[in-house]
Number of protein chains: 2
Amino acid sequence: MRLRAKNARAASTGERTLDSRPVTEASQTQGETTLAERLVGGDKRALARAITLIESDDPLGWDLVREVYPRTGRARIIGFTGPPGVGKSTLIGALTKELRAADRQIAVLSIDPSSPFTRGALLGDRIRLSEHFLDPGVFIRSMASRGALGGLSEAALQVALVMDAAGKDDVLIETVGVGQAEIDIVDHADTIVLALMPGSGDSIQALKAGVMEIPDVIVVNKADHPMTDTMIREVRGVLALADDPGGWKVPILRTEAARGEGVAALAEQIDLHREFIESEGTLESRRARNLRSEVLGIATSRMRRRLEETIAGDARVQDLLEQVVRREIDPASAASQLLEHGDHED
Amino acid sequence: MRLRAKNARAASTGERTLDSRPVTEASQTQGETTLAERLVGGDKRALARAITLIESDDPLGWDLVREVYPRTGRARIIGFTGPPGVGKSTLIGALTKELRAADRQIAVLSIDPSSPFTRGALLGDRIRLSEHFLDPGVFIRSMASRGALGGLSEAALQVALVMDAAGKDDVLIETVGVGQAEIDIVDHADTIVLALMPGSGDSIQALKAGVMEIPDVIVVNKADHPMTDTMIREVRGVLALADDPGGWKVPILRTEAARGEGVAALAEQIDLHREFIESEGTLESRRARNLRSEVLGIATSRMRRRLEETIAGDARVQDLLEQVVRREIDPASAASQLLEHGDHED
């Protein structure tokens, strides 16, 4: 089984990789310089290549992350979530401009939405980030959803890690949507920004009902809308319910990202939140928790993939599934047989 | 390892269970009558007990589903999704009344929302179903979210199966929220109803962007609101984009569920959708696909749980995770070591 062999190799050489030792088997060499070295040196093309390797689940990608991992942990990871259409890309574009003015190196990772069904469409509003395309201090990358089993959340953190290793000061991760899958992705962030706009009634209800997590910073974008005040009152009402005495006070900001208004205040609140979690020690515990769940997530993804490989090629398994469809064997018993089968297979 | 033993037993006896043979080890006997027999006979208390067993992941629950599984496949499974606050419970209450008038046996399964964080709150609007509590033809049950790893989606189908086996004509599954997790749950349904209300701008955007699946029936509840016409125009615009020539035409209904208005039309559209998918053969293929994914989902959940059990009790694994947090071993290499470890463990 290909994946198994790959894992075994990673495990055997992965105890601890020295930064200085070029792992020629693992890294693509260009002359004498490895991909990892070029990445850590801030080479934009090396970063792009690294992300492609991770996205395509190439073993070289995993090897690369292993090699540069000791260099990570320095960048601020900031997650942006919220329903489609509120102007998150515009907001991130404006924030990038603000952060660039302070000479910070920025990487943006946009997780493209796609329906689990074929009718899915890309939003295509990445173009709003286009004014930064020529700035060498800004790196922008989109990543497509790989569906429920692909472990997009895990891949997103791997990408954030290489962006971090490449010397970016801020890694901005954008997701579209407000469900559990999106929460899993931005959960890797040190600071989570929820973007809303007047008319985001569904999101307010979701916050109120506890279906959506309370973020660290709330932005009401498109604040020139006449319903903005009503909206902010509603958000404030929800936050009052979830108030955590002694904890971080979630600020509610008004922005008009398209005109850059309120964006300096957003940058400031992100700074303040960072200071707060550093001084309280929550940054460290949050990262520890997220890294542990990353390990478990990757392991689960791999197990599921092994299982799917077993299923795809095996006539007996296909027959078992047919029996389930004919209501002869129930799904749980079939799952048990599948696991037994997988255990004895290799 | 307890779970492994449990699975092994299920596999060894589960090849095919005859309906007629009471599995005394598996079913709780009451005098001479097994729980499965009472369940299939329509005993309400037996159904309640069965669901509790499934919810608590008791092996008796799995055994019970195995025993009654050949009796399932008859009920209509109807899923309701949509943002909190649109009145889904009221709508389901009104629809239940409508279906009861046609003398159909109804089961309602409400999946309670809960935040992945401790600030989560129950909506508590189940009380809107209270007028049916005394009707012996209506069975109502709530199920709490067990978080990302608990396999709530799989458990929900198991519950739907026992409701089906108990002779219910319609199983109504309600989720709160519009994310991937909710889609996974209602995906077990034959017909998916999306409930919105005027002001559901976020959901419209999510449909438009392809983040949310196009459902089979759309209901705009609270249709006495002045913005209803605007809302319906927007929904119609989104549906036009996703139009599937020759496919099912998704109807957009106006309801005021609290006053029962439009609910007869909803019942009719559910009937029509059922006829459509039966005549097109999509009911069969949809159910086959969902049952296959249920098998895979249960298998994955169990693998993940095995892994977590391995982790919890093992000092070496804890040490490995600490090394990840100290940035000495990257998450993917740690996951590989974990899987190696699990493979060699028993």
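Keep in mind the model is a prediction, meaning the values are calculated, not measured.

Visitor: When you look at the packing of helix α5 (residues 88–101) of chain B against helix α10 (residues 263–280) of chain B in this model, what are you seeing that I'm missing?
Guide: Residue and element names in this part refer to chain B. At a closest axis distance of 9 Å, the pairing of α5 and α10 adopts a crossing angle of 70°. In terms of axis orientation, α5 runs roughly perpendicular to α10. Packed against α5, whose contacting residues are Ala94, Leu95, Glu98 and Leu99, the element α10 presents Val263, Ala264, Leu266 and Ala267 at the interface. Along the lines of polarity and charge, the residues of the contact of α5 with α10 split into seven nonpolar, no polar and one charged.

Visitor: What's the story with the pairing of strand β8 (residues 217–220) of chain A in this structure? I'm lost.
Guide: Every other side chain in a regular strand lies on the same face of the sheet, so the side chains alternate between the two faces. Residues and elements named next belong to chain A. Side chains Val217 and Val219 of β8 all project onto a buried face; the interleaved residues Ile218 and Val220 project onto the opposite face, where all are buried too. In the classification by handedness, the crossover that spans strand β7 (residues 191–196), the intervening helix α8 (residues 201–208) and the parallel β8 is right-handed. Here β8 pairs with strand β9 (residues 252–254) via three bridges, running parallel. Across the sheet, valine 220 pairs through a bridge with arginine 254, a residue of β9. As for the winding sense of the linkage, the β-α-β connection from β8 through helix α9 (residues 228–241) to β9 is right-handed.

Visitor: How should the packing of helix α3 (residues 44–55) of chain B against helix α4 (residues 59–68) of chain B be read in this particular structure?
Guide: Packed helix pairs are characterised by how far apart their axes lie and by the angle those axes make with each other. Residues and elements named next belong to chain B. Contact pair α3 / α4: the axes reach a minimum separation of 7 Å and the direction vectors enclose 120°. The angle between α3 and α4 falls in the class oblique. You can see that α3 and α4 cross each other, and the crossing is left-handed. Mapping the contact onto sequence places Ala50, Leu53 and Ile54 in α3 and Leu60, Gly61 and Leu64 in α4. The class makeup of the residues in the contact of α3 with α4 is five nonpolar, one polar and no charged.

Visitor: Can you walk me through α8(A) in this structure?
Guide: Of all the eight residues making up α8(A), seven are buried; the element is thus mostly covered by neighbouring parts of the structure. All buried positions along α8(A) are accounted for by A:Gly201, A:Asp202, A:Ser203, A:Ile204, A:Gln205, A:Ala206 and A:Leu207. Each element contacted by the buried residues of α8(A) is listed here: β7 and α9 of chain A together with α8 (201–208) of chain B. Downstream of α8(A) by a residue or two, A:Gly210 has a phi angle that is positive, lying close to 80°.

Visitor: Looking at this structure, how should I read the environment of B:Glu261?
Guide: Structurally, B:Glu261 is set in the loop between β9 (252–254) and α10. Ignoring anything within four residues of it in the chain, the contact list for B:Glu261 reads B:Thr255 and B:Glu256.

Visitor: Would you mind showing me how to read the pairing of strand β6 (residues 170–175) of chain A here?
Guide: Residue and element names in this part refer to chain A. By the criterion of burial, β6 is predominantly enclosed, with six of the six residues buried. Residue alternation in β6 divides its side chains into two sets, Asp170, Leu172 and Glu174 and Val171, Ile173 and Thr175, and both sets are buried. In this sheet, β6 lies alongside strand β3 (residues 76–81) in parallel orientation, the contact comprising five bridges. Following the sheet pairing, isoleucine 77 is matched in β6 by valine 171.

Calculation criteria
- Residues numbered from 1 in each chain as written.
- Chains lettered and ligands numbered in written order.
- Predicted model: local features only at pLDDT ≥ 70, side-chain atom pairs only at ≥ 80, totals over all residues.
- Axes fitted to C-alpha atoms, helices over the stretch in contact; angles between N-to-C directions.
- Helix = DSSP H or I, 4+ residues; strand = E, 2+ residues; numbered from the N terminus.
- Parallel < 35°, antiparallel > 145°, perpendicular 65-115°, else oblique.
- Contact = placed C-beta atoms within 7 Å.
- Nonpolar A, V, L, I, M, F, W, Y, C, P; charged D, E, K, R; others polar.
- Buried ≥ 20, exposed ≤ 12 C-beta atoms within 10 Å, placed from the backbone.
- Right-handed = clockwise from strand over helix to strand, strands pointing away.
- Pairing = 2+ DSSP bridges.
- Left-handed = near helix turned anticlockwise from the far one by under 90°.

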